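Per-entry structural report
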Amino acid sequence: LQSLAQIETHIASLNKGLQLPPAKLKVKCLEVLKGLQSHVHGWVFNGPVDPVDLGLHDYFDVIKRPMDLGTIKKRLENGCYHELKGFGGDVNLTFDNAMLYNPKGSDVWTMAKELKDKFCVDVDNLTRKAHTAGWQY
């Protein structure tokens, strides 16, 4: 039987979201990220968009917070993420930006949607494994 204090602590930790020890968070997120970067469409999102090189003159008018998988990898390696939520937010931002800037149905929009869907499945699997393994929340 758990004490009231233990139950309250557990409930409070659930409200914070998934929080793994920093080393474990880094390893698990890098695994998920590697799956995205090595995907057949991953190359499109592995580096920052170069609006000058690509002739996208309005890119920064539309995209206020650019993000890419290479930047996320560097942030992971440097310990910038302390919870899965921050990592997930940046990965989703990468694909959301692509889907915002590119018309629905275009090649880049379709690739971003496919990778975003894959990411959602991968993070759901990671969260389930973490819960099963009893990692801290």
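Everything discussed here concerns the structure shown above.
Scope of this entry: the structure provided in the associated data block. All of these numbers come straight from a predicted model, not from anything done at the bench.

1. Considerations on the overall build of the chain
Looking only at helices and strands, the chain features seven helices and zero strands. The order of helices and strands in the chain, counted from the N terminus, is α-α-α-α-α-α-α. Burial status across the chain gives 35% buried among its 137 residues. Considering only contacts in the chain between residues 6 or more positions apart, those separated by 24 or more positions represent 68%. Summed over all atoms, the accessible surface of the chain reaches about 8,600 Å², with 58% contributed by carbon and sulfur.

2. Here we look at the packing of aromatic side chains
The full count for this structure, using the stated rule, is five aromatic pairs. Ring centres of Phe 87 and Phe 119 lie 5.9 Å apart, and the angle between their planes is 70°; on these two criteria the pair is classed as edge-to-face. Of this pair, Phe 87 sits in helix H6 (residues 84-101) while Phe 119 sits in helix H7 (residues 107-133), and the two are 32 residues apart along the sequence. Phe 119 sits in the buried class, given a relative accessible area of 2%. Each residue in the set Tyr 59, Phe 60 and Tyr 101 is aromatic and connected to the rest through ring pairs, giving one cluster.

3. As for the nonpolar core
Judged by nonpolar contacts, the single largest core of 25 residues is most densely connected at Phe 45, Ile 72, Phe 87 and Phe 95. Only helix H2 (22-37), helix H5 (69-77), H6 and H7 provide two or more residues apiece to this core. Residues in contact with Phe 45, not counting those within four places in the same chain, are Asp 68, Leu 69, Gly 70, Thr 94, Phe 95, Ala 98, Val 108, Met 111, Ala 112 and Leu 115.

4. Remarks on the pattern of salt bridges
Working definition: two side chains of opposite charge can pair if their charged atoms are close together. By the definition in use, this model includes seven salt bridges. Notably, a salt bridge pairs Glu 31 with Lys 28, separated by 4.0 Å at the nearest N-O pair. Of this pair, Glu 31 and Lys 28 both sit in helix H2, three residues apart, which is roughly one turn of that helix. The exposure class of Glu 31 is partly exposed, given its relative accessible area of 48%. Note on Lys 28: relative accessible area 22%, which makes it partly exposed. Of the charged contacts in the structure, one is a salt bridge between Lys 113 and Asp 117, with a shortest N-O distance of 2.9 Å. With a gap of four residues between them, Lys 113 and Asp 117 both fall in helix H7, about one helical turn apart. Sharing partners across several salt bridges, the network here consists of Arg 65, Arg 75 and Asp 90.

Rules used in this analysis
Residues numbered from 1 in each chain as written. Predicted model: local features only at pLDDT ≥ 70, side-chain atom pairs only at ≥ 80, totals over all residues. Heavy atoms only, no water. Helix = DSSP H or I, 4+ residues; strand = E, 2+ residues; numbered from the N terminus. Buried < 20%, exposed > 50% of the residue type's maximum accessible area, 1.4 Å probe, protein only. Contact = heavy atoms within 4.5 Å. Areas by Shrake-Rupley, 256 points an atom, 1.4 Å probe, with all protein chains shown as cover. Phe/Tyr/Trp six-rings, centres within 6.5 Å; stacked < 30°, edge-to-face > 60°. Core = buried A, V, L, I, M, F, W, Y, C linked by side-chain atoms within 4.5 Å. Salt bridge = Lys/Arg side-chain N within 4 Å of Asp/Glu carboxyl O.

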